[in-house]
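Descriptive analysis of the structure
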Amino acid sequence: MYVYMGHMRWQDIIPYEAWFWEKNKINLVKDLVTKIEPQHKTISTASGAHYQYDQLIIATGSSPKTLNIEGINLDGVTGLHAIQDLAYLESRSKQLKKAVIVGGGLIGVELAEMLHSRKIAVTHLVRENGFASSVLSKEESGIVNQHIEHHGIDLRLDTEIIKIQDNGQGSVASVTTTTGEDIECQLVGMAIGVKPKLTWLGGSGIEVNIGVLTDVFLKTNVPDIFAIGDCAELRNPDAGRKAVEPIWYTGRMMGETVAKTICGIETKYQPGIWFNSAKFFDIEYQSYGDINPILSGNQSIFFWKHKIASKSIRINYTLNGVIGFSALGIRLRQNVCHQWIHDKIMIEEVLAQFELAVFDAEFSKKYADKIRNAYFEQTGKLILKKANGRYDQVYRFLKKAKSTYT
Amino acid sequence: MIRFPDYSLSLTPTYTPGISLTQKLWVTIGFIGFFAGVIAISGYDHAGVFLLTASLILISISIAGFSFSLYHHQKSGIKNNYTWSRSLSNRGIVSWVLALWITGLYILLYFFPNALGLSESGNTGLIRLFDPLSEWIKHKPANQWFVYGVFYTLAILLFGVKFLRKYKGNRYQQIRTVSVMFFQLCFAFLIPEILERLNQPSMDLKNMWPLNYYFFFDWHLDKLRSGGTLGLFMLGWGIAMILIISPILTYFFGKRWYCSWVCGCGGLAETAGDPFRHLSDNSLKAWKIERWLIHGVLVFALLMTGLVVYTYITAHSNILFLNSYAIREWYGFFIGAIFSGVIGVGFYPLMGSRVWCRFGCPMAAILGLQQRFFSRFRITTNGGQCISCGNCSTYCEMGIDVRHYAQRGQNIVRASCVGCGICASVCPRGVLKLENGQVDLFERTEVNIK
Ligand code: SF4
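**Looking at the overall build of chain A**
- Looking only at helices and strands, chain A has ten helices and 22 strands in total.
- For 406 residues, the compact-globule estimate of 2.2 N^0.38 gives 22 Å, and chain A sits close to it at 24 Å.
- Overall, chain A is about 70 × 60 × 45 Å in size when its C-alpha atoms are taken along their principal axes.
- Buried residues in chain A amount to 51% of all 406 residues.
- Taking as baseline every contact in chain A between residues at least 6 positions apart, the subset at least 24 positions apart corresponds to 56%.
- Charged side chains in chain A number 46 positive and 44 negative. The centres of these two groups are separated by 6 Å.

**Some words on the sheet that holds strand 2 (residues 42-45) of chain A**
All names here are of chain A.
- Reading across the sheet, the three strands line up as 1-2-3 and stay open at both edges, with antiparallel pairing between neighbours. Each having just a single partner strand, strand 1 (33-37) and strand 3 (50-52) make up the two edges of the open sheet. The sheet shows a mean angle of 20° between the axes of neighbouring strands, taken without regard to direction.
- In this structure, strand 1 lies alongside strand 2, joined through four bridges in antiparallel fashion. What sits directly across from Lys35, in strand 2, is Ser44.

**As for the environment of Glu181 of chain A**
All names here are of chain A.
- Of note, Glu181 is situated in the loop between strand 11 (172-177) and strand 12 (182-184).
- Along the sequence, Glu181 and Ala387 sit 206 residues apart, while their C-alpha atoms lie 55 Å from each other.
- Apart from residues no more than four positions distant in its own chain, Glu181 is found in contact with Arg156, Val175 and Thr176.

**A few points about the packing of helix 12 (residues 284-314) of chain B against helix 13 (residues 324-346) of chain B**
Residue and element names in this part refer to chain B.
- Running from N to C, helix 12 and helix 13 cross one another at 140°; their axes reach a closest spacing of 9 Å. When you trace helix 12 past helix 13, the crossing you get is left-handed. Residues Val297, Phe300, Ala301, Met304, Leu307, Val308 and Thr311 of helix 12 form the contact with helix 13, whose own contacting residues are Ser324, Tyr325, Ile327, Arg328, Trp330, Tyr331, Ile335 and Phe339.
- When the residues that make up the contact of helix 12 with helix 13 are grouped by side-chain class, the tally is twelve nonpolar, two polar and one charged.

**Details of the state of the cysteines**
- Using the criterion set out here, one finds zero disulfides over all chains in the structure.
- Here Cys263 of chain A is not disulfide-linked; the sulfur of Cys231 of chain A is the nearest cysteine sulfur, at 20 Å.
- Residue classification places Cys263 of chain A among the exposed residues on the basis of a relative accessible area of 65%.
- Left unpaired, Cys361 of chain B is separated from the closest cysteine sulfur, that of Cys357 of chain B, by 6.5 Å.
- Relative accessible area serves as the criterion here: at 6%, Cys361 of chain B is assigned to the buried category.

What counts and what doesn't
Residues numbered from 1 in each chain as written. Chains lettered and ligands numbered in written order. Predicted model: local features only at pLDDT ≥ 70, side-chain atom pairs only at ≥ 80, totals over all residues. Heavy atoms only, no water. Helix = DSSP H or I, 4+ residues; strand = E, 2+ residues; numbered from the N terminus. Rg over C-alpha atoms; globule rule 2.2 N^0.38 Å. Buried < 20%, exposed > 50% of the residue type's maximum accessible area, 1.4 Å probe, protein only. Contact = heavy atoms within 4.5 Å. Lys, Arg positive; Asp, Glu negative; His and termini not counted. Charge placed at Lys NZ, Arg CZ, Asp CG, Glu CD. Pairing = 2+ DSSP bridges. Axes fitted to C-alpha atoms, helices over the stretch in contact; angles between N-to-C directions. Left-handed = near helix turned anticlockwise from the far one by under 90°. Nonpolar A, V, L, I, M, F, W, Y, C, P; charged D, E, K, R; others polar. Disulfide = S-S within 2.5 Å.

Purely geometric numbers; function is a separate question.
Right under this line is the structure:
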């Protein structure tokens, strides 16, 4: 995305410099694996090479989901996933006047921002009635929708794609939606999620379902073969977590976990408390813990929204303490939120020291007082400020909290 | 969906939106101003001064107007769209022309001031045009340094305005930029000039040794010592800055209190240099070169100053095989003029805005050593939120590979960090924060408590 918009070059988005692999004694081979033979502990590649392994880690990632609709194979229909997609977009952008994006998740929004940066008119179809509707509440979606529309994106909520029309030469001409409308466009961006990439595992004896099935040590059913990242599917995920979590840090954590196991310290995969983040054009979003906007049982929600700016804080809580934070336009400190959720701190206590969790830059406007005020207005309970949020205080808080349970 | 397994990867971003009609108008005004200036230089009379004034005003209006129109529609929140596709900021032809032009100006300024019109028997050309202003401020004809000072200050003020527009939603950036604009205008320009008018010893009170490498030169010390109470105050102040004020401030805030809030070199880099910040090389190799060079210059500066002070006290100019007069001349030529001026600013469009600050400044070296080992400052990483996108490393003007630390959940404590805060501003996921803390001063670099 940032390469397309001219923020960075291709070499800038590669996380390691070229010397990294050799220096760390990693033999980096660029090839396509075609076969695994667990009984011989070998893999074969498209170029005809064979490799022996002691331990094998499958980390093949995911591929974009597609829809089974007419016209899906036309030229001009693309996802945004691999470098090839980026190159494809780059090559098509010059002639591009109008594009339709399908899907209201993060990738959809990123695609919209990308095309928008080149002054290409974007119509955005979202099946639900708001962006990221499984994690954002109605009010939060409202803030995001408004912001995105403000940028000039033609947003169509509660709308699905039915059919893609051919222009007679095998390319996209328009898109037909569930509202019966025909939207003219030269590009259709499919951003409806990803699924584990497993096609090539057939015949290897490795058990798969949606993804490669693993136990809590990330081992597959075949000895000495692990699976991590977007392609892995946990047989017994922790409560509140999903079996497949295609998100950046789970891959990182899984990698660390397996590395430990292979190096002799058998380690369980324990992702801990869920967190996530995104950026919807200019609005930063972060979430920690259980932030389901649809409440169950004894859960309640406290919500504060800035009068004008696109900023809000939502805290999900029960009488036994806070369970989740969802923030738009305000940066929160992960380890503090994590601690509060972990220790089941009561919401009044959390709000009293909310400054500890604020991660906005120095001199930024402070909203904690306003947030406490809103709580007073909503519940009649007055909360007094107990923290200033300076680094030393945060550090002491974390140290103390940690010492109580480790 | 169509896949292109062997699609030739044309990933270099090529798109630029061009500039709008209003922006073209502002640029045109700037060029008219520029040519008015050129005409003014070619012949002096009252029309010349008038033309020059008009030229400077037009250029100022042009830069300010352009900045406002460029960021007018942008919401607060930083966008670096097209940075790598514009010829000005991707080492394209425009940046080479600009680099040659600035380098040329600096060479004239340092080595051929006569070509700019400097003359004992009455200035001509460019410098002559500044005589009226100089006479008005300090009752003396202008010289090349006066002209330079005017241009330098104007550049910081005008591009400061542009910076303020670009980072409009970010109060850290706003306050910091107003600070460098203030220190340049008042401390570097107005106060010294006014002191000169009052026939007092003049000094840029914020310009510290060893950046101000001639602080201990005999002529400078003599000037201060013979300058009455004010002179002695300045001498004391200069030494207090080095020994007391700077260490204390650096302990509390890191070297940023100087490098990105006060310093003139830093001020220019942060304002006029901002469009080039991403050109700093952030490879490991560059970091190695940086450490050798900057500490090499520091050693050179210490040695040179030691010899100069020795000569001042003992009146001997030769120590072993070293001649203190020769050494100071070498230092002035290579470090003072070529490195900090010609290369330091001239190479902005090619090597990023902080070439001098990063590879050469002995002052930055000292502050950096203290920052690394004895300061409360660090950049905190927010747990596991880093997505390894690379914006922070790309836009670090000091070429620090911020991402390397951030993606490991590690805090960042680097000698070179000037605390400009841009990494935190461009991060899309709220991962970085500049903070001062005392409780863990000696374990700042350890991996975040999780
Ligand atoms: S710290 Fe932020 S800007 Fe830097 S790589 Fe991580 S997510 Fe990107």
